[in-house]
Amino acid sequence: MLRPLPLIVLLGLAMPGVVFGQVQATFYVAPDGNDHSLGTKAQPFATIARAQQAVRAINQDMTGDIVVELRGGVYTIDRTIAFDAADSGTNGHNVIYRAAPNETPVISGGKPVVGWRADKRGRWKAPSPVDDCRQLYVNGKRATRARGPAPANLKLAGENGYTTTDVSMADWRSPGDIEFCYLTVWAHCRCKVQSVKRDGDKAVITMLQPYFTHAKTKEGVRVSNPAHLQRIYLENAIELLDEPGEWYLDRSTKTIYYMPREGEDMTKAAVIAPAVEKLVEFRGSLPQPVHNIRFENVTFKHANWLRPSKIGHCEVQANCIIDSDRKDSFVRAGGFVNVHNENLKSQANIVLHAAKAIRFERCTFTQLGGAAIDIERGSQDNVISGCAIYDIAGSGVQIGDVLKDDHHPDDPRKIVKNNRVVNCCIHDCCLDYRGGIGIWVGYTEGTTLAHNEIAHLPYSGISMGWGWGEEDAGGGNPDAKQPFKYDTPTSNKNNHIEYNHIHHVMQTMHDGGAIYTLGVMPGSIIRGNHIHDALRSDVGPGGIYLDEGSGFIEVTGNLVYKVKTPMFYNNLVQNRKATCNEHDNFFNAKPDDAKNVVEKAGLEPAYRGLLKP
């Protein structure tokens, strides 16, 4: 148990390591510190939780910022670092958790995997420090979950699964861990196997319900007969572990198996398995939001996310999935739908909930198992600035949500409002859930996405809005047959997407774009973006894509080239194309024809050091 602070600190009296004036106090933390020390530079704390306790003792009536300086090294946590209103800055001052000069503190939710010994067929094995995980990192590099092609002669059989002529599947060790993975037009679904049994010259594969049925019958792209799918594969069986760099966790014996890459010595390798699902959570309430906390130059790594291991990932779009537990879901035109498209978004590993004036400045988010950062539920005036976000299983940043409290809140304090993502470098995300987005925005007001570099993604770069017009005033498609319509507009308005450099997106999926929108959002603008090289440009669209319901959006000053369709409207049912003001763009132009766009878009000069090769 952490002991109370000495009275001298509680009173804020002068002592070594505490500075007054513009900074009210400074506490120090180091991986080799001691939580029973004073938190001074000479005697630092060992954990952020201890520093958090020290801050709470003196932050009720602040006269300056309170700084927690983190020495370089790894801070391994076994539970979420949770901030609430009591941790906030007061009187307009901030509580700042920042790196010591020229040092790199890392908050890690992972556990080392040790005790490796040789197994058969070129594999190695070690005891697992976690009950379950979906990623593994070997010498700082993401390993590949064991995978293989679809079973031979796979055919749908009834409502609950498949048959295959590969009868050996009936003898696989842990059939309940196997995932069928489907890469469709814009969704990446994962359905779990329940059992595999031999039946003569076939194996009968029974899938986990109701999730498999919902994946087969949901609106949009569906999991259907394998002959209709271009890409289907299996994942997470030891029988599929046959390539260097692949791994598998046998949950029944808590053993991790790995096949080393060339040059890897498992007796010396540093191997990490993610354990904690949320590294940091800022959770306030509408009456008492958590506020005025900053993180500067801190790295966040190694987080887990296990919902797909339990129920699969029945994706509708943008890593939002069917909520199979909702009682008000219904079927229309043969498709299973959550009422008013109120799907479940993916969990992030850093969450802001009812949070205000939280800022991440020049932080790094990497090797995370869900989305990286989520700003939700009445969070307002938060800033993500100058951050590097990469090697992420899901989306990079998520802002807002798609539930009733988001599109038609009964309290204005619930609106996700005036949040900014600026000068960030977001790349190589959505590695495990490929329908994800670099920056995804649901229903929000006053969101600004500006001067970001967004690249190397399987699907869209930025997605903003939701609902396909069905939640807008008067509803959308008259054939949508929602049980009721709204007479008032959604909260979605005054959002800005401007001066971003978005390139080499749409590398795996299609029917998306560098910038993609849904629904009415008056006062919103897409301006001055430099967009190019959507690699699946043969099937596009790839550029700026105003999909169903998009309305009252200005599109101006954008340079778009090397995509299938620079400007695409799929906004015919609601007939809102005329409400969108498109003018003075450079579509299919050369960069030399719009040098001012090229020069202004992307990271501003002070942040261009993020652009490493």
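Residues numbered from 1 in each chain as written. Predicted model: local features only at pLDDT ≥ 70, side-chain atom pairs only at ≥ 80, totals over all residues. Heavy atoms only, no water.

## Section: the pairing of strand 2 (residues 65–70)
Thought 1: Counting buried positions along strand 2 yields six of six residues, so the element is predominantly enclosed.
Thought 2: As paired elements, strand 1 (residues 23–29) and strand 2 share six bridges and run parallel to each other. Paired with Phe27 across the strands is Val68, a residue of strand 2.
Thought 3: Bridge count for strand 2 against strand 5 (residues 95–99) is five bridges, and the pairing is parallel. Note on strand 5: the bridge partner recorded for Val67 is Ile96. (Buried < 20%, exposed > 50% of the residue type's maximum accessible area, 1.4 Å probe, protein only. Helix = DSSP H or I, 4+ residues; strand = E, 2+ residues; numbered from the N terminus. Pairing = 2+ DSSP bridges.)

## Description of the sheet that holds strand 44 (residues 501–503)
Thought 1: One open sheet accounts for 11 strands, arranged 3-6-25-32-35-38-41-44-47-50-53; its pairing is parallel. Here the strands that pair on one side only, and so sit at the sheet edges, are strand 3 (73–76) and strand 53 (586–587).
Thought 2: Relative to strand 41 (residues 453–455), strand 38 (residues 425–427) runs parallel, the two sharing three bridges. Bridge assignment links His427 to a residue of strand 41, and that residue is Ala455.

## Remarks on the sheet that holds strand 49 (residues 551–556)
Thought 1: Spatial ordering of the open sheet is given by 1-2-5-24-31-34-37-40-43-46-49-52, a layout of 12 strands whose pairing is parallel. Each end of this open sheet is capped by a strand with a single partner; those strands are strand 1 and strand 52 (581–583). Averaged over all pairs of adjacent strands, the angle between their axes in this sheet comes to 10 degrees, without regard to strand direction. (Axes fitted to C-alpha atoms, helices over the stretch in contact; angles between N-to-C directions.)

## Here's the deal with the packing of aromatic side chains
Thought 1: Applying the stated rule across the entire model yields 22 aromatic pairs.
Thought 2: Measuring from ring centre to ring centre gives 5.6 Å for Tyr162 and Phe212, while their planes differ by 65 degrees; the resulting arrangement is edge-to-face. You can see Tyr162 sitting in strand 15 (residues 161–164) and its partner Phe212 sitting in helix 3 (residues 211–217), a full 50 residues away along the chain.
Thought 3: A relative accessible area of 0% places Phe212 in the buried class.
Thought 4: Here the aromatic rings of Phe360 and Phe365 are separated by 5.5 Å at their centres, their planes lie at 75 degrees, and the arrangement is edge-to-face. When sorted by exposure, Phe360 lands in the same class as Phe365, which is buried.
Thought 5: By the ring-pair criterion, three or more aromatic residues cluster together here, those being Phe83, Tyr97, Phe282, Phe295, Phe300, Phe360 and Phe365. (Phe/Tyr/Trp six-rings, centres within 6.5 Å; stacked < 30°, edge-to-face > 60°.)

## Looking at the side chain of His501
Thought 1: Following the sequence through the fold, His501 ends up in strand 44.
Thought 2: Note on His501: relative accessible area 15%, which makes it buried.
Thought 3: Setting aside chain neighbours within four positions, we find His501 in contact with Asn452, Glu453, Ile454, His530, His532, Ala601 and Gly602. (Contact = heavy atoms within 4.5 Å.)

## What to know about the environment of Leu208
Thought 1: You can see Leu208 is positioned in the loop between strand 18 (202–207) and helix 3.
Thought 2: Considering only alpha carbons, one finds Leu208 and Asp131, 77 residues apart in sequence, at a separation of 21 Å.
Thought 3: Apart from residues lying up to four places away in sequence, Leu208 is in contact with Lys192, Val193, Gln194, Lys310 and Ile311.

## Things to note about helix 2 (residues 48–56)
Thought 1: Inspection of helix 2 places Ile48, Arg50, Ala51, Gln52, Ala54 and Val55 among the buried residues, and these make up the whole buried set.
Thought 2: Close packing links the buried residues of helix 2 with strand 1, strand 2, strand 4 (81–83), strand 5 and strand 6 (105–108).

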